[in-house]
Amino acid sequence: MKSTKKLLLLILLSALLLRLLLLFIDTQPLRSDSLTYHQIALSILSGEYTIEGRTTALVVPGYPIFLAGIYSLFGDGQFGVRLVQSFLDVLTCYLFFLVCRKFFDEKYSLIALSVFAFFPSNALYTQSVLTESLFGLFAMLVFLNVLRGSFDNRILLTGILFGAAILVRSSFSIAVLLIPLYIFIFKQQLFDSISIIKPAINSLLFIIGLIIILSPWMIRNKQVMGAFTLATQGGSTLWEGNNPQATGTWNKQVADANVLFNDPDEVGREKEFRKQAVEFILNNPVRFIELGFRKLGYLFSSERMTLLYFMDSPAGMTSSQVYKTVNPLYMAVVNIPYFIVMLAGAWGLLMPFRHKFFVVGFISAWMITMFVFVAVPRYHYVLIPFFVIAAINLLQRGLGSITTLPLRSKLAGLVFTIFLLGVWISEFYLLYFRTV
């Protein structure tokens, strides 16, 4: 026990030291999502919630409020954000260790923690003005809470934590369905009864917890924006993934050409984008499915956005052209651990382990969200803790355990492995060998 505590402390302190050393990485000017969060955070400090002087509900308020709090203490530079996120991410690492104790013994929990704590993109995202680190903390709190057994005494808290995670990243919303689904499917084990009364009550309490957190923001949006909405970017995000020029990921050229993005009426704009996207999906079901698999390809593609965040983006250069200039050593250090964890995790997910419902459920919910909306490579950050757990499950059982899997599981693992390798090989082939 003492040795476990010492190793745990050593890993966490080393992880913190790594993140503090990363504070010396040169920062780039804020752009894209980072700039949006920054501008809204500055408006919060002046008592508003605006962007470019207009009242907004473009994004959920969790991360801008977090930034505003840091700015009030450290000023509006990036250093304070990176410093606070470094400490919070180490807290997330500790919570991840507690999560792993629900799956493994101390030895393999410490191995899983080491992989997670020193996973390159996890550490690097602490140095970005993006939602990843803060969302990772709340998502881990949710995950730990749902693994602690009986829901009776904590179901309201689960709803509150889920609501907090959604206020940081609204795309997490579909995962709320997992909780009532789990309660009803496993009601016999949870409540020692086949009655639906307790499951219904617990599901209601979970929803109440969500409402407690989400309702103030949604009521505000009804009053000032005219609609009960979490974020008015939902419609445009759906359209970006489902339109005649869609590629599966965010396409700046197509977005810039659509004058609807300039409409100051956010609610009306969202409705029109959603209408166009739904019409496209209904009229082009085969194309929708094709785009869905393209989106999954982008979701599982390399860690390019982790590296691109810290790269200068000269005018006229595409992201691929900038990515091509990255030092191959940096590219390898960031990407190889990701490739190993995803491949090992793909097979580990097929093997038996405790609490498999939530691991597979959270992964499936996220993949469904990306399949329907739009995907970019950094969105796979959400999946990393689940794939680390699955990878350690494979490590614990040994590679030889693959041979004991049922044929259908072997086929599923083979198909997904080919899919991942195909995505990565084609990505780097196009990056280095495309002549056009």
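Each remark here, short or long, concerns the structure printed above.
These figures come from a predicted structure and were not determined experimentally.

Hey, could you run me through the nonpolar core in this one?
When a protein is soluble and globular, its nonpolar side chains tend to lie buried together. One finds Phe143, Phe162 and Phe362 to be the most contacted residues of the largest nonpolar core, which totals 129 residues. Excluding residues within four positions of it along the chain, Phe162 makes contact with Val142, Phe172, Ala175, Val176, Ile179, Phe206, Leu210 and Phe362.

What is the right way to read the layout of surface pockets from this model?
Where empty space is left can be seen by rolling a probe of water-molecule size over the atoms. There is about 370 Å³ of room inside the second largest pocket. Lining the second largest pocket are 15 residues; nearest its centre among them are Ile25, Leu124, Leu307, Tyr330 and Val334. Going through the elements one at a time, helix H6 (120-125), helix H16 (304-308) and helix H18 (328-348) are the ones with two or more residues in the lining of the second largest pocket. Looking at the lining of the second largest pocket residue by residue, the class counts come to 14 nonpolar, one polar and no charged.

Please clarify how a nonpolar patch on the surface should be interpreted in this entry.
A cluster of nonpolar side chains, contributed by Leu156, Ile197, Ile201, Leu204, Leu205, Ile208 and Ile212, occupies part of the molecular surface with about 590 Å² of accessible area. The residue Ile212 is located in helix H11 (residues 197-224) in this model.

Would you mind showing me how to read the packing of helix H7 (residues 132-146) against helix H19 (residues 356-372) here?
The geometry of a pair of packed helices is captured by two quantities: the angle between their axes and the separation between those axes. Running from N to C, H7 and H19 point in directions that differ by 150 degrees, and their axes come no closer than 10 Å. With respect to their mutual orientation, H7 and H19 come out roughly antiparallel. Where H7 crosses over H19, the two elements pack in a sense that is right-handed. On H19, the residues touching Val142, Phe143 and Val146 of H7 are Phe358, Val359 and Phe362. A class-by-class count of the residues in the contact of H7 with H19 yields six nonpolar, no polar and no charged.

Just checking my understanding: could you explain the environment of Ile402 for this structure?
Within the fold, Ile402 resides in the loop between helix H20 (384-397) and helix H21 (407-433). As for Ile402 and Gln188, which are separated by 214 residues in sequence, their C-alpha atoms are 32 Å apart. Not counting residues up to four positions away in its chain, the partners in contact with Ile402 are Trp347, Met351, Leu394 and Lys410.

Would you mind showing me how to read helix H15 (residues 285-299) here?
With 15 residues, H15 extends 21 Å between its outermost C-alpha atoms, agreeing within 8% with the 21 Å of an ideal straight helix rising 1.5 Å per residue. For H15, the full list of buried residues reads Phe288, Leu291, Gly292, Lys295, Leu296, Gly297 and Leu299. Considering only its buried residues, H15 is in contact with helix H12 (234-241), helix H14 (266-283), H18, H19 and H21.

What should I look at first to understand the environment of Val374 in this one?
Its place among the elements puts Val374 in the loop between H19 and H20. A relative accessible area of 5% means that Val374 is categorised as buried. Taking the C-alpha atoms as reference, Val374 lies 4.5 Å from Gly241; in sequence the two are 133 residues apart. What Val374 contacts, discounting residues up to four positions off in sequence, is Thr237, Glu240, Gly241, Gly248, Thr249, Trp250, Lys295 and Tyr379.

What am I meant to see in the side chain of Ser128 here?
Looking at the element boundaries, Ser128 is found in the loop between H6 and H7. Residue Ser128 is classed as buried on the basis of its relative accessible area of 1%. A polar side-chain atom of Ser128 sits 2.8 Å from the main-chain carbonyl oxygen of Tyr125. Leaving out residues up to four positions away in the same chain, Ser128 has contacts with Tyr63, Val81, Gln85 and Tyr309.

What counts and what doesn't
- Per chain, residues are indexed from 1 in the order of the written sequence.
- Side-chain atom pairs in this predicted model are given and counted only at pLDDT of 80 or more, local residue features only at pLDDT of at least 70, and totals for whole chains, interfaces and linings cover all residues.
- Side-chain figures throughout are based on the complete set of non-hydrogen atoms in the structure, without hydrogens or water.
- In plain words, nonpolar cores are sets of buried Ala, Val, Leu, Ile, Met, Phe, Trp, Tyr and Cys residues tied together by side-chain atoms within 4.5 Å.
- Whether a residue is buried, partly exposed or exposed follows from its accessible area with a 1.4 Å probe, protein chains only, as a fraction of its type maximum: under 20%, in between, or over 50%, in that order.
- Should any heavy atoms of two residues lie within 4.5 Å, those residues are considered in contact.
- Throughout, the protein atoms alone are placed on a 1 Å grid, and a set of points is a cavity if a 1.4 Å probe fits but cannot get out or a pocket if it is open with protein on both sides within 12 Å along at least five of seven lines; lining residues have an atom within 4 Å of a point.
- Grid points are joined across faces, edges and corners, and a volume is the space filled by probe spheres set on the points.
- Put simply, DSSP marks the helices as runs of H or I at least four residues long and the strands as runs of E at least two long, and each gets a number from the N terminus on.
- Residues are grouped as follows: Ala, Val, Leu, Ile, Met, Phe, Trp, Tyr, Cys and Pro are nonpolar; Asp, Glu, Lys and Arg are charged; every other residue, Gly included, is polar.
- Patch definition: residues with relative accessible area over 30% and no salt bridge; like charges joined within 9 Å; nonpolar side chains (Val, Leu, Ile, Met, Phe, Trp, Tyr) joined within 5 Å.
- Values of accessible area rely on a 1.4 Å probe in the Shrake-Rupley scheme; residue burial ignores everything except the protein chains shown.
- Any Lys or Arg side-chain nitrogen located within 4 Å of an Asp or Glu carboxyl oxygen qualifies as a salt bridge.
- Each axis is a line fitted through C-alpha atoms, and for a helix only the stretch in contact is used; angles between axes span 0 to 180 degrees, taken between their N-to-C directions.
- When describing relative orientation, an angle under 35 degrees is termed roughly parallel and one over 145 degrees roughly antiparallel, while 65 to 115 degrees is termed roughly perpendicular and anything else oblique.
- A clockwise turn of the near helix away from the far one marks a right-handed crossing, whereas an anticlockwise turn of less than a right angle marks a left-handed crossing.
- What a helix is expected to span follows from its residue count: subtract one and scale by 1.5 Å.
- As used in this structure description, the phrase polar contact means that two N or O atoms lie within 3.5 Å; if the pair is within protein, one of them must be able to donate a hydrogen and the other to accept it, and residues adjacent in sequence are counted only when both atoms belong to side chains.

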